[in-house]
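Next come the chains, spelled out residue by residue.
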Amino acid sequence: MNGKAATGGEARTRLERGRTALGPALELVHTGRAPTRAVLTAELGVTRATAGAVAAELEALGLISVDAKPSAAAGSQGRPSHRLSVAGTGPVALAAQVHADGFRAALVGLGGEIVATAPGCETIDADPAQVLGAVVDEGARLLRETGRRCVGAGLAVPSAVAEPEGTALNPLHLAWPAGAPVREIFADRVRAAGVTGPAFTGNDVNLAALAEHRHGAGRGARDLLCVATGHRGVGGALVLDGRLHTGSSGLALEVGHLTVHPEGRPCHCGSRGCLDVETDPLAFLTEVGVRPGPEGLLNQARTLLAERYADPAVRVAAEVLIDRLGLGLAGLVNILNPDRIILGGLHRALLDADPERLRAVVADRSLWGRSGGVPILACTLDHNSLVGAAELAWQPVLDDPLGALG
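Rules behind the numbers
- Residues numbered from 1 in each chain as written.
- Predicted model: local features only at pLDDT ≥ 70, side-chain atom pairs only at ≥ 80, totals over all residues.
- Heavy atoms only, no water.
- Helix = DSSP H or I, 4+ residues; strand = E, 2+ residues; numbered from the N terminus.
- Rg over C-alpha atoms; globule rule 2.2 N^0.38 Å.
- Buried < 20%, exposed > 50% of the residue type's maximum accessible area, 1.4 Å probe, protein only.
- Contact = heavy atoms within 4.5 Å.
- Areas by Shrake-Rupley, 256 points an atom, 1.4 Å probe, with all protein chains shown as cover.
- Lys, Arg positive; Asp, Glu negative; His and termini not counted.
- Charge placed at Lys NZ, Arg CZ, Asp CG, Glu CD.
- 1 Å grid on protein atoms, 1.4 Å probe; cavity = no way out; pocket = protein on both sides within 12 Å on 5 of 7 lines; lining within 4 Å.
- Points joined across faces, edges and corners; volume = space filled by probe spheres on them.
- Pairing = 2+ DSSP bridges.
- Axes fitted to C-alpha atoms, helices over the stretch in contact; angles between N-to-C directions.
- Nonpolar A, V, L, I, M, F, W, Y, C, P; charged D, E, K, R; others polar.
- Parallel < 35°, antiparallel > 145°, perpendicular 65-115°, else oblique.
- Left-handed = near helix turned anticlockwise from the far one by under 90°.
- Polar contact = N/O pair within 3.5 Å; in protein donor to acceptor, adjacent residues only side chain to side chain.
- Expected span 1.5 Å × (residues − 1).
- pLDDT = per-residue confidence, 0-100.

Participant: Explain the overall build of the chain to me, using residue names and the numbers behind them.
Facilitator: Each helix and strand counted, the chain has 14 helices and 14 strands in total. Computed over the C-alpha atoms, the radius of gyration of the chain is 23 Å, within 12% of the 22 Å expected from 2.2 N^0.38 for a compact globule of 406 residues. Expressed as lengths along the three principal axes of its C-alpha atoms, the size of the chain is roughly 85 × 50 × 40 Å. The buried share of the chain, taken over its 406 residues, is 51%. Residue pairs at least 24 apart in sequence account for 63% of intrachain contacts in the chain once pairs closer than 6 positions are excluded. As presented, the chain carries roughly 17,900 Å² of accessible surface, and 51% of it is formed by carbon and sulfur atoms. Looking at charge distribution, the chain has the averaged site of its 37 positive side-chain charges lying 8 Å from that of its 43 negative ones.

Here it is as C-alpha cells:
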C-alpha cells in the first residue's frame, strides 16, 4: 500500500513539474532555442518522459507540432529526437503599429511569424480614437478572413508610453495630444471589434528590440542596446537579461534627446542638436538638399542611400549622420556597457552604407576605445515593431499556456 501511495505521489509530482514547465517549454520553442525534444529535455532539466509529456500537452493546445518520427541531423551521433516547431495553423495575436506615415495591422503567430498583414491609410488623423479604431478594424478583418483564434492584441506607437496609465506622453510626429490614453482607447476598440484576449500598448522601438532579441539580430545577447529611426525621430531600447528595461514608469532610454551637435537643429524637447533631429530621415534629406516627396521620408531616404550613394552630396550627408550617430552610440556605450548594439530603420541603412566608419567613430569616442569590440549589427526582422507588439499579446500565453488557453 505504501508502495502504491509513493507511486501515485511520484506521478502527481511529475505531472505538477510538467505543468510548471509548460510556459518555459513554450518559450524555448517560440524563440527557436529548443528545435528538438532532446534539447528541450536538457534546457528544462527534466526527464525525457516529462519533456515528452510537456511537448504533448503543448501540441494538444494547438501551440506546437511534434514530428511523429524522430530524426537525426546529418552527421550527428546518438539517438534521434523528435523535432519541435510552432504550430502552422495555431492561434495568432493581432498586432498594430501607428507611425507618422500611416498604420499597419497584422496577425502574428508563435515564433514571430507574420501570418497576414494589411497596410492602412497613409495619413494619420489627429484623433487617436479614429486611427486606432481603423487599425483594429483592419486586424479584425484579417481574423475573419483567416479564421484563426486570437490570443490578444498589441499596439506599437512612436511615443514614450507611461506606466501604469498607458498614456502616450509625446506623440510629436502624429499631432496627437500629449498624454493621449492610447492603451485605454486601443482596448476599447479591440473589445468593440469582438477581438478576444487582452490588449497591450508599448513604444515602437522598445517592441522592435523585444522582437529582435527573441527572433532576430539580438538573439543570444544578454545586454542588448537597440537604436532606430523610423519615419520621424529616434528611439532607443535596452534588453537586460532577456527582459525589456523600461525604467520605473516606462520612460527609460529616451535616447533621441542626447545632444550630438550643440549648434544643430532645434529639437521638440527644447534643446538643440539631439539625435532625434540630427539622424532621422528628415535630417538626411535636409543634408542632401532634397525636398521630402510623397513616398514617405523613410522610403525616400533609403532609396537615396541605395541608389545614389556615389553622388557626393548623398555620401557627404551620410557621413555627417554616421558621425553624429556614432557620437550618440559612444555615449550610450559608456553608460550602459552593452554586449551588442542593433540598429533599425535609416540607421540600419547608414550602417550598411559605411560600417567601418560608424564602428570607428564609436570606438574612438568611448572610454578606453573598448566599444570597438562591441558588435554593431543591423536589425534583421521585417516589421519588427509589429512582431514586438504581438509579443506583448503572446506573453500571458508564454507565462501560463493552460491558464491563458485551457
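Participant: Any chance you could break down the environment of G236 for me, citing the residues and the numbers?
Facilitator: As for its placement among the helices and strands, G236 is situated in strand β11 (residues 235–240). Take G236: its relative accessible area is 4%, and that puts it in the buried class. Counting along the chain gives 17 residues from G236 to L253, while the straight-line C-alpha distance between them is 5.5 Å. Discounting chain neighbours no more than four positions away, the residues touching G236 are V205, N206, C226, V227, L253 and V255.

Participant: Please provide a residue-by-residue account of the layout of surface pockets, values included.
Facilitator: To find leftover empty space, one rolls a probe the size of a water molecule over the atoms. Volume-wise, the second largest pocket comes out at about 370 Å³. In terms of lining, the second largest pocket is formed by 19 residues, of which the most central are L207, L210, L244, T246 and L392. Contributing elements (two or more residues each) for the lining of the second largest pocket: β9 (199–203), α6 (204–215), β12 (243–245) and α13 (384–399).

Participant: Quick one: what's the story with the sheet that holds β9, residue by residue and with numbers?
Facilitator: The strand order β5-β4-β3-β6-β9 describes an open sheet built from five strands, whose pairing is mixed. Looking along the sheet, the strands with just one partner apiece sit at the ends: β5 (114–119) and β9. On average, each strand axis in the sheet is tilted by 20° relative to the strand beside it, whichever way the strands run. Most of the contacts of helix α5 (residues 182–192) go to β9, to which it runs at about 145°, and overall it touches β3 (92–99), β6 (150–157) and β9. Contacts from α13 reach β3, β4 (102–108), β5, β6 and β9 within the one sheet, and its direction differs from that of β3 by about 140°.

Participant: Tell me about empty space enclosed by the protein, residues and numbers included.
Facilitator: Applying the stated criterion across every chain, the model contains one cavity of 30 Å³ or more. A volume near 50 Å³ is recorded for the largest cavity. The class makeup of the residues in the lining of the largest cavity is seven nonpolar, four polar and two charged.

Participant: Now, about the pairing of β3: what can you tell me, with residues and values included?
Facilitator: Along β3, eight of the eight residues are buried, which leaves the element largely enclosed by surrounding structure. Burial of the side chains of β3 extends over both faces: V92, L94, A96 and V98 are buried on one face and A93, A95, Q97 and H99 on the other. Relative to β6, β3 runs parallel, the two sharing five bridges. For Q97, the partnering residue across the bridge sits in β6 and is A156.

Participant: Go over the packing of helix α10 (residues 312–336) against helix α12 (residues 355–365), please, and point to the residues and values.
Facilitator: Remark: α10 packs on α12, axes separated minimally by 8 Å, with the N-to-C direction vectors making an angle of 40°. Viewed along their axes, α10 and α12 adopt a mutual orientation that is oblique. Where α10 crosses over α12, the two elements pack in a sense that is right-handed. On α12, the residues touching E319, I322, D323, L325, G326, L327, L329, A330, V333 and N334 of α10 are R357, L358, V361, V362 and R365. When grouped by side-chain class, the residues that make up the contact of α10 with α12 number nine nonpolar, two polar and four charged.

Participant: Tell me about the side chain of D223, and name the residues and values.
Facilitator: Tracing the backbone shows D223 in strand β10 (residues 223–229). In terms of polar contacts, D223 uses its side chain to reach the side chain of R222, at 3.1 Å. Setting aside anything within four residues of it in sequence, one finds D223 in contact with V239, L240, D241, N337, P338, D339 and R340.

Participant: Outline helix α3 (residues 48–60), supporting the account with residue identities and numerical values.
Facilitator: Helical periodicity: at 3.6 residues per turn, an α-helix aligns residues three or four positions apart in one direction. The end-to-end C-alpha distance of α3, which contains 13 residues, comes to 18 Å, matching closely the 18 Å that a straight helix rising 1.5 Å per residue would cover. Within α3, the full set of buried residues consists of T50, A51, G52, V54, A55 and L58. Of the residues trailing α3, G62 is marked for its positive phi of about 80°.

Participant: Provide a residue-level description of the confidence of the model for the chain, including the pertinent values.
Facilitator: For any part of a model where pLDDT is low, the fine detail of the predicted coordinates should not be relied upon. Model confidence for the chain is summarised by a mean pLDDT of 90, while 92% of its residues fall at 70 or above. Counting interchain partners and residues more than four positions distant, the pLDDT-below-50 stretch residues 1–6 has zero contacts.

Participant: Hey, could you go over the sheet that holds β12 for me, with residue numbers and the actual values?
Facilitator: With mixed pairing, the five strands of this open sheet are ordered in space as β12-β11-β10-β13-β14. At either margin of the open sheet sits one strand with a lone partner, and together these are β12 and β14 (376–378). Adjacent strand axes in the sheet meet at a mean angle of 30° when their direction is disregarded. Of the strand pairs in this sheet, strand β13 (residues 340–345) and β14 are connected by three bridges, and their pairing is parallel.

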